[in-house]
Amino acid sequence: MAEELAFLSRTRTWDAFYAEAKIAEFRRSIYLEAFGEEYPADAATDGYITCSELREMVEALQVGRGQKIADLGCGRGGPGQWVAEATGASLVGVDFSAVALEQAQARARSRNLPACSYRRGSFQATGLDSSSFEGAISVDVIWAIPDKPAGFAETARILKPGARFVFTDWERDLSPPGYPAPVSDHRPLLLEAGFEIERHKPWPQADSLRRTFYERMLARQGELTSGLDAKTAESNLREARAWLGLLDGVDYLRHSRRVLVAARKPA
Ligand SMILES: C[S@@+](CC[C@H](N)C(=O)[O-])C[C@H]1O[C@@H](n2cnc3c(N)ncnc32)[C@H](O)[C@@H]1O
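The rules behind these values
- Every chain begins its residue count from 1, and numbering advances along the sequence as written.
- pLDDT decides what is reported in this predicted model: residues at 70 or higher carry local features, side-chain atom pairs at 80 or more are listed and counted, and totals for whole chains, interfaces and linings draw on all residues regardless.
- Values shown for side chains rest on all heavy atoms present in the structure; no hydrogens or waters enter the calculation.
- What makes a residue near a molecule or strand is one non-hydrogen atom of that residue sitting within 4 Å of it.
- Under this definition, polar contacts are N or O atom pairs within 3.5 Å; protein pairs additionally need one hydrogen-donor-capable and one acceptor-capable atom, and for neighbouring residues in sequence, both atoms have to be side-chain atoms.
- Areas reported as accessible are Shrake-Rupley estimates using a 1.4 Å probe. Residue values count occlusion only from the protein chains shown.
- By the convention adopted, Pro, Cys, Tyr, Trp, Phe, Met, Ile, Leu, Val and Ala count as nonpolar, Lys, Arg, Asp and Glu as charged, and the other residues, Gly among them, as polar.
- For helices the rule is a DSSP run of H or I covering at least 4 residues; for strands it is a run of E covering at least 2, with both sets numbered from the N terminus onward.
- Accessibility here uses a 1.4 Å probe with only protein chains present; expressed as a share of the type maximum, an area under 20% marks a residue as buried, one over 50% as exposed, and anything in between as partly exposed.
- Between two residues, a contact is recorded if the distance between any of their heavy atoms is within 4.5 Å.
- Each Phe, Tyr or Trp ring, with Trp reduced to its six-membered ring, pairs with another whose centre is within 6.5 Å; inter-plane angles below 30 degrees give stacked pairs, above 60 give edge-to-face pairs, and intermediate values give tilted ones.
- Comment: the charge-over-ring label is applied if NZ (Lys) or CZ (Arg) is within 6 Å of the ring centre and within 35 degrees of the ring normal.
- Lines fitted to C-alpha atoms define the axes, with helix axes restricted to the stretch in contact, and inter-axis angles between N-to-C directions lie between 0 and 180 degrees.
- Angles are sorted into four bins: roughly parallel if under 35 degrees, roughly antiparallel if over 145, roughly perpendicular if 65 to 115, and oblique for all others.
- Here the rule is simple: two strands pair whenever DSSP picks up at least two bridges between them.

**Some details on the site of the ligand**
Then, in step 1: Surrounding the ligand, one finds 19 residues, the nearest of these being Tyr18, Asp46, Gly73, Asp95 and Phe123.
Then, in step 2: The backbone of Phe96 places a nitrogen or oxygen atom 3.4 Å from a nitrogen atom of the ligand.
Then, in step 3: Starting from 600 Å² of accessible surface for the ligand in isolation, the protein chains cover 98%.
Then, in step 4: Classifying every residue of the shell around the ligand by side-chain character gives eight nonpolar, eight polar and three charged.

Next comes the structure, spelled out in structure tokens:
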């Protein structure tokens, strides 16, 4: 019961985030300012993925036309649609936010991407068929899943033998209070779920871009507080202050390493 309530509360938090169009616009203007050419404008992400990482994801996935990939925690769909277009594969996006999924569907329609479809589900229980995908991606979601072993086991279940799971996330020794427990290395959990590790690549450049993103957000906080509702403005400012260590003196970004991981389900 307590777990169900926590799940509902996490879903509502993300629904509220996606329902507020102005915050996406504001964050995108900061991404552009902080990331420069590394901001994947075409992929309109709500995470911290860079153009270089997207290109590497495509290379690591090794899928193409006539094949099918899953995008786990797809959000509004941007990075997954970018990968689907780049590879020619069809895509099924899964997220627990119904608001995000509506926007992902609308985005696929407006970009004429009939091979991208969306369904509601959680990382741990996608509702997708077993051994039915030639690949899976996830962009900046795993940190948010409380039960990571269950999420990795579910991913292994939906993949065909020989298929790859490619994701970006962070490995951390510490996270600010209120955040899900950090994982300092994803590899033991992936091995436990039956994956072989093909790549495990730290991405320090993306970590420093994220620091710049938060610094720019705080520099422009007047726009945030005057243009948005107080709750949304405060939660965004709190995120920036928490990670930069302005709330409790711990610079949490220094305890956080961004990684791109490719894991293969044995053939
Ligand atoms: C930082 S956003 C990233 C969205 C998208 N991948 C992108 O890069 O634009 C994290 C997403 O994960 C979803 N999410 C978080 N926990 C989830 C879970 N347990 N099951 C399904 N989706 C989840 C949220 O609703 C949100 O859309």
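Still to come is the rest of the account.
**Notes on the environment of Ile142**
Then, in step 1: Summarising the element assignment, Ile142 is placed in the loop between β4 (133-139) and α6 (148-158).
Then, in step 2: Residue Ile142 is classed as buried on the basis of its relative accessible area, which comes to 1%.
Then, in step 3: Sequence separation of Ile142 and Phe7 is 135 residues, and the distance between their C-alpha atoms is 15 Å.
Then, in step 4: Ile142 has contacts with Phe123, Lys148, Phe152, Phe165, Phe167, Asp169 and His186, leaving out every residue within four places of it along the chain.

**Details of the packing of aromatic side chains**
Then, in step 1: In the structure shown here, the tally under the stated rule is 18 aromatic pairs.
Then, in step 2: Geometrically, the ring pair formed by Phe17 and Tyr18 is edge-to-face, given 5.2 Å between the ring centres and 75 degrees between the ring planes. Neither residue differs from the other here; Phe17 and Tyr18 are each classed as buried.
Then, in step 3: Between Trp243 and Tyr252 the ring centres are 6.4 Å apart and the planes differ by 80 degrees, which places this aromatic pair in the edge-to-face class. Neither Trp243 nor Tyr252 differs from the other in exposure class; each is buried.
Then, in step 4: A cation over a ring is seen here: Arg210 above Tyr48, with NZ or CZ 4.5 Å from the ring centre.

**Thoughts on the packing of helix α1 (residues 2-19) against helix α5 (residues 98-110)**
Then, in step 1: At a closest axis distance of 7 Å, the pairing of α1 and α5 adopts a crossing angle of 40 degrees. Classified by the angle their axes make, α1 and α5 are oblique. In this structure, α1 contributes Asp15, Tyr18 and Ala19 to the contact, and α5 contributes Ala98, Val99, Ala100 and Gln103.
Then, in step 2: For the contact of α1 with α5, the class distribution of residues is five nonpolar, one polar and one charged.

**Description of the sheet that holds strand β1 (residues 68-72)**
Then, in step 1: Here we have seven strands laid out as an open sheet, ordered β3-β2-β1-β4-β5-β7-β6, and mixed in their pairing. The sheet is open, and its two edges are formed by β3 (116-120) and β6 (196-202), each paired on a single side. Taken over all neighbouring pairs, the strand axes of this sheet differ in orientation by 20 degrees on average, direction set aside.
Then, in step 2: As judged from the three bridges shared by β1 and β4, these two strands associate in the parallel manner.

**Quick word on the side chain of Glu239**
Then, in step 1: Position of Glu239 relative to the elements: it lies in helix α10 (residues 230-244).
Then, in step 2: For Glu239, a relative accessible area of 15% translates into the label buried.
Then, in step 3: Beyond its immediate sequence surroundings of up to four residues, Glu239 is in contact with Arg27, Tyr48, Tyr179, Arg210 and Tyr214.

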